[in-house]
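Coordinate analysis (summary)
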Amino acid sequence: GDWQSFKIEKSGTVHGIAFWFTLHLDPTVSLSTAPDNATTCWKQAVQFFDAPIQVEAGDKLPLWCRHDQTKISFSPQLPSPDDE
């Protein structure tokens, strides 16, 4: 995994993160689940956090981002070794 920072545009409460991905199958073929891609039945996803996070406009929200062969996950804290 790796830390990524997300700029907060409006003050409020963050309950989770919505996301999509682009899967590159080879140099010329890819599959995107982006909201503007109408050519796939795959959709975007959302992951809720264990607890809400209060944020202010202009803050940066650091999230631990990782993926493996079956899932993509985001966490506001480092995962425990048991979760790896």
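Values in this document were obtained by computation on a predicted structure and should not be read as measured data. Just so you know, the residues in each chain are numbered from 1, in the order the chain's sequence is written. Thresholds applied to this predicted model are a pLDDT of at least 70 for local features of residues and 80 or more for the giving and counting of side-chain atom pairs; totals over whole chains, interfaces and linings are not thresholded and use all residues. Excluding hydrogens and water, the side-chain figures rest on all heavy atoms present in the structure.

**Observations regarding the pairing of strand S7 (residues 72-75)**
- In the sheet, strand S6 (residues 60-67) pairs with S7 via four bridges, with the strands oriented antiparallel. Bridge pairing links Arg 66 to Ser 73 in S7.
- Hairpin connection from S6 to S7: four residues lie between these consecutive antiparallel strands. Note on pairing: DSSP must find at least two bridges between two strands before they are called paired. Strands here mean DSSP runs of E at least two residues long; helices mean DSSP runs of H or I at least four residues long; both are numbered from the N terminus.

**A few points about the layout of surface pockets**
- Both site types are read off a 1 Å grid over the protein atoms alone. A 1.4 Å probe that fits but cannot get out defines a cavity, while an open set with protein on both sides within 12 Å along at least five of seven lines defines a pocket; lining residues have an atom within 4 Å of a point. Grid points are joined across faces, edges and corners, and a volume is the space filled by probe spheres set on the points. The volume enclosed by the second largest pocket comes to roughly 190 Å³.
- What lines the second largest pocket is simply Phe 21, Thr 22, Leu 23, Trp 42, Asp 68, Gln 69, Thr 70, Lys 71 and Ile 72.
- Split into classes, the residues belonging to the lining of the second largest pocket amount to four nonpolar, three polar and two charged. As a working rule, the residues Ala, Val, Leu, Ile, Met, Phe, Trp, Tyr, Cys and Pro are called nonpolar, Asp, Glu, Lys and Arg charged, and the rest polar, with Gly in that last group.

**What to know about the sheet that holds strand S1 (residues 2-7)**
- With antiparallel pairing, the three strands of this open sheet are ordered in space as S1-S6-S7. At either margin of the open sheet sits one strand with a lone partner, and together these are S1 and S7. The average undirected angle you get between the axes of adjacent strands in this sheet is 35 degrees. Here the axes come from fitting lines to C-alpha atoms, over the contacting stretch only for helices, and the angles between their N-to-C directions go from 0 to 180 degrees.

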